[in-house]
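Working through the structure, step by step
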Amino acid sequence: MPITQFKIPEKYRYQTGFLANLETEAIKGALPIGQNSPQKCPYGLYAEKISGSAFTAPRWENQQTWVYRIIPSAAHSSFENAPSAKRLELSYNYIPDQLRWDPFDIESDVDWIGGLHVVAGTGDPALKNGVAYYIYGASKSMADKSAFYNADGDMLVVPQTGSLDICTEMGRLLVRPNEICVLPRGIRYRVDLVENEPIRGFILEIYNGHFQLPELGPIGSNCLANARDFQIPIAAYTHDSSSAWKVYSKFRGQLFHTTQTHTPFDIVAWEGRYYPYKYDLGRFNTIGTISYDHPDPSLNTVLTATSNAHPGTAIADFVIFPPRWLVGEDTFRPPSYHRNCMSEFMGLIQGSYIAKDGGKGGFQAAGASLHNCMSSHGPDAATFDKASNENLVPLKVGVGSMAFMFESCYMVGITDWGLTKCRKLQPQYNEESWGGLKDLFQPPNELQLETVGI
Ligand SMILES: [Fe+2]
């Protein structure tokens, strides 16, 4: 701490600053000075604007980037349906049960696109309203001369196994377990494995708006995720205007593809504030009680996508549970039993989580759980017993561990893949977690009742 010691060393350079207006040139002088679209751009490049928000969105949420590229992205053939379109389903089963999944498998001979599975979600990307949660698993890099973009929303990627070498239009990102990245709506990219190691992880997709840093309120101007720790690619391009490239598009959950005779990774320079970025979760500055009681997990929010209709109510929060000190006096230190009008999807990158036994069949790394809108949950019986009786000395928890939560104001549904096809749902989750809770009620005797005037 505060920086994760990664198994795979960094190999790219980055710019920094969350939502900063940045500019970057792979060739000096490629950016026009003082204007966006001169009659002739430097070096014979084409100007292209990528809008991530409405032209007239307020300045603080307006996100666009001007790119200067060798061939405009419009030059391609008609889109056709891609064979694996069925994987990205948008039909859901809405059930109130608490759900937990064993670690998800990584299929053999699949790439990033083939390994995307929606496990839960709600809403409709056509209306730009809703979320989708994915499990991804890939055992090979994307095919040579192929790229992908998602028209449906922004994707926040949480690697659990293996590192992602992501070539984006704006430059390159290396994203390793304990880092996250955000791939904004519409940006072309491809995903390669690193040292042929298979990849697996989780994705939070939001159909509305973009992720922001949470407000800090009385915390002040620092802590949680600091803006300077977000890393953004620098411009990098290849020059290939003669070979056939295939570009895949996820468009309202359906997969299409098109061909073009130039690489999509031909941006020589760009400027703006609409771009992919990554963040090392080890840099998160965790805040907690130094007196008593268990604060709400909103204190651990890394990024939030707010609902404009209801300030303070998130379409989706990305929340983490990093290593931290627990020092609360006279306090039940794990989360208490609760029912939440928000839905809570949790995953574990590594280690174990404070409120659940991490043993075989429990909440395991690469597994997940869902506690939907108003579905009761909390510590399992063993955790309650331990936390109610332990000696409350200062204790460091979560060492070597990282759990996270996608928390949404939406009631989310489960796909058929999540319920049955993945074959990872734990049928006894409720019984095993809370079936063993004992009646500990000790009512006062008659004499005591008289004393208190009942
Ligand atoms: Fe909860």
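Here is what the cut-offs are and how they apply
Residues numbered from 1 in each chain as written. Predicted model: local features only at pLDDT ≥ 70, side-chain atom pairs only at ≥ 80, totals over all residues. Heavy atoms only, no water. Helix = DSSP H or I, 4+ residues; strand = E, 2+ residues; numbered from the N terminus. Rg over C-alpha atoms; globule rule 2.2 N^0.38 Å. Areas by Shrake-Rupley, 256 points an atom, 1.4 Å probe, with all protein chains shown as cover. Lys, Arg positive; Asp, Glu negative; His and termini not counted. Charge placed at Lys NZ, Arg CZ, Asp CG, Glu CD. Phe/Tyr/Trp six-rings, centres within 6.5 Å; stacked < 30°, edge-to-face > 60°. Pairing = 2+ DSSP bridges. Salt bridge = Lys/Arg side-chain N within 4 Å of Asp/Glu carboxyl O. Donors = N, O, S within 2.8 Å, 3.2 Å for Na, K, Ca; no water. Buried < 20%, exposed > 50% of the residue type's maximum accessible area, 1.4 Å probe, protein only. UniProt positions renumbered as here; feature names shortened; annotations may be inferred. Contact = heavy atoms within 4.5 Å. Polar contact = N/O pair within 3.5 Å; in protein donor to acceptor, adjacent residues only side chain to side chain. Arc of directions from axis to C-beta. Axes fitted to C-alpha atoms, helices over the stretch in contact; angles between N-to-C directions. Core = buried A, V, L, I, M, F, W, Y, C linked by side-chain atoms within 4.5 Å.

Brief notes about the overall build of the protein
- A count of helices and strands for the protein gives 4 helices and 28 strands.
- By the compact-globule yardstick of 22 Å for 454 residues, the protein fits well, its C-alpha radius of gyration being 24 Å.
- Only carbon and sulfur atoms are counted for the fraction: they give 52% of the accessible area of the protein, which is about 21100 Å².
- The protein carries 38 positive and 47 negative side-chain charges, and their two centres are separated by 8 Å.

Let's talk about the packing of aromatic side chains
- For the coordinates displayed, the defined rule picks out 23 aromatic pairs.
- With centroids separated by 4.9 Å and ring planes inclined at 65 degrees, the aromatic side chains of Phe202 and Phe404 adopt a geometry described as edge-to-face. Of this pair, Phe202 sits in strand S15 (residues 199-206) while Phe404 sits in strand S27 (residues 402-408); the two residues are 202 residues apart in sequence, bridging distant segments of the chain.
- Ring centres of Trp245 and Phe265 lie 5.9 Å apart, and the angle between their planes is 75 degrees; on these two criteria the pair is classed as edge-to-face.

Regarding the pairing of strand S18 (residues 254-260)
- Examined bridge by bridge, strand S5 (residues 80-81) and S18 share 2 bridges and lie antiparallel to one another. Note that in S18 the partner of Asn81 across the bridge is Phe256.
- Strand direction decides the pairing type here: strand S17 (residues 245-251) and S18, joined by 7 bridges, are antiparallel. Residue Trp245 lies in a different strand from S18, and its bridge partner there is Gln260.
- Once S17 ends, the chain turns through 2 residues before running back antiparallel as S18, passing Arg252 with a positive phi of about 50 degrees.

A word on the pattern of salt bridges
- Evaluated as defined, the whole model comprises 20 salt bridges.
- Residue Arg283 is joined to Asp280 by a salt bridge in which the shortest nitrogen-to-oxygen separation is 3.9 Å.
- Put simply, Lys386 and Glu390 hold a salt bridge, and the shortest N to O gap is 3.8 Å.
- Here the salt bridges share partners, and the residues they tie into one network are Glu10, Arg176, Glu179 and Lys278.

Some points on the coordination of the iron ion
- With distances of 1.9 to 2.7 Å, the protein atoms coordinating the iron ion are His338 (NE2), Glu344 (OE), Glu344 (OE) and His377 (NE2).
- The sequence pattern formed by the donor residues of the iron ion is H-x5-E-x32-H. Here the residue Glu344 occupies a position in strand S24 (residues 343-350), and His377 occupies one in the loop between strand S25 (368-371) and helix H1 (381-389), the gap between them amounting to 33 residues.
- Taking relative accessible area as the criterion, Glu344 reaches 7% and is therefore assigned buried.
- For His377, a relative accessible area of 6% gives the class buried.

Looking at the UniProt feature "active site" (unreviewed entry) in the protein
- The feature "active site" (unreviewed entry), as given by UniProt, occupies His294 in the numbering adopted here.
- The exposure class of His294 is partly exposed, given its relative accessible area of 38%.
- Among all residues touching His294, those that are not within four sequence positions of it are Thr331, Phe332, Arg333, Pro334 and Pro335.
- A polar contact is formed between the side chain of His294 and the backbone oxygen of Arg333, at a distance of 2.9 Å.

A few points about unusual backbone geometry
- Unusually for a residue other than glycine, Asp109 sits at a positive phi of about 60 degrees.
- Along the chain, Asp109 turns up in the loop between strand S6 (99-101) and strand S7 (116-124).

Notes on H1
- Every buried residue of H1 is accounted for by Ala381, Thr383 and Ala387. Along H1, the residues classed as buried sweep out an arc of 160 degrees about the axis, all on the same side. For H1, the exposed residues set more than 90 degrees away from the buried face come down to Ala382, Lys386 and Asn389.

What to know about the sheet that holds strand S4 (residues 64-69)
- Here we have 4 strands laid out as an open sheet, ordered S2-S19-S4-S3, and antiparallel in their pairing. The sheet is open, and its two edges are formed by strand S2 (22-25) and strand S3 (46-51), each paired on a single side. Ignoring strand direction, the axes of neighbouring strands in this sheet form an average angle of 20 degrees.
- Sheet topology note: the S4/strand S19 (residues 267-272) ladder contains 5 bridges and is antiparallel. Each bridged residue has a counterpart across the sheet, and for Val67 the counterpart in S19 is Trp270.

Considering the sheet that holds S24
- Spatial strand order, S6-S25-S24-S27-S22-S21: 6 strands in an open sheet with antiparallel pairing. The open sheet is flanked by S6 and strand S21 (301-306), the only strands paired with a single partner. On average, each strand axis in the sheet is inclined to that of its neighbour by 10 degrees, with strand direction left out of account.
- Of the pairings in the sheet, the one linking strand S22 (residues 314-321) to S27 comprises 5 bridges and is antiparallel in character. What sits directly across from Phe318, in S27, is Phe406.

A look at the nonpolar core
- The biggest cluster of nonpolar side chains holds 56 residues, and the ones touching the most others in it are Trp101, Leu303 and Phe318.
- A total of 4 residues in this core trace back to one element, the largest contributor, which is S22.
- Contacts of Phe318, omitting those with residues within four sequence positions, involve Leu156, Val158, Ile180, Leu281, Asn300, Thr301, Val302, Leu303, Phe404, Met405 and Phe406.
- Within the second largest apolar cluster, 34 residues are counted, among which are Met142, Leu164, Leu183 and Val191.

Quick notes on the pairing of strand S13 (residues 179-183)
- With 5 of 5 residues buried, S13 is to be regarded as a mostly interior element.
- The alternating pattern of S13 places Glu179, Cys181 and Leu183 on one face and Ile180 and Val182 on the opposite face, and all of these are buried.
- Summarising the sheet, strand S10 (residues 154-161) and S13 pair through 3 bridges and their orientation is antiparallel. Bridge assignment links Val157 to a residue of S13, and that residue is Cys181.

Brief notes about the side chain of Ser53
- Along the chain, Ser53 turns up in the loop between S3 and S4.
- Accessibility expressed as a relative area gives 17% for Ser53, which makes it buried.
- Of the polar contacts made by the side chain of Ser53, one reaches the side chain of Asn62; its length is 3.2 Å.
- A polar atom in the side chain of Ser53 sits 2.8 Å from the backbone nitrogen of Gln63.
- Setting aside residues no more than four positions away along its own chain, Ser53 makes contact with Glu61, Asn62, Gln63 and His210.

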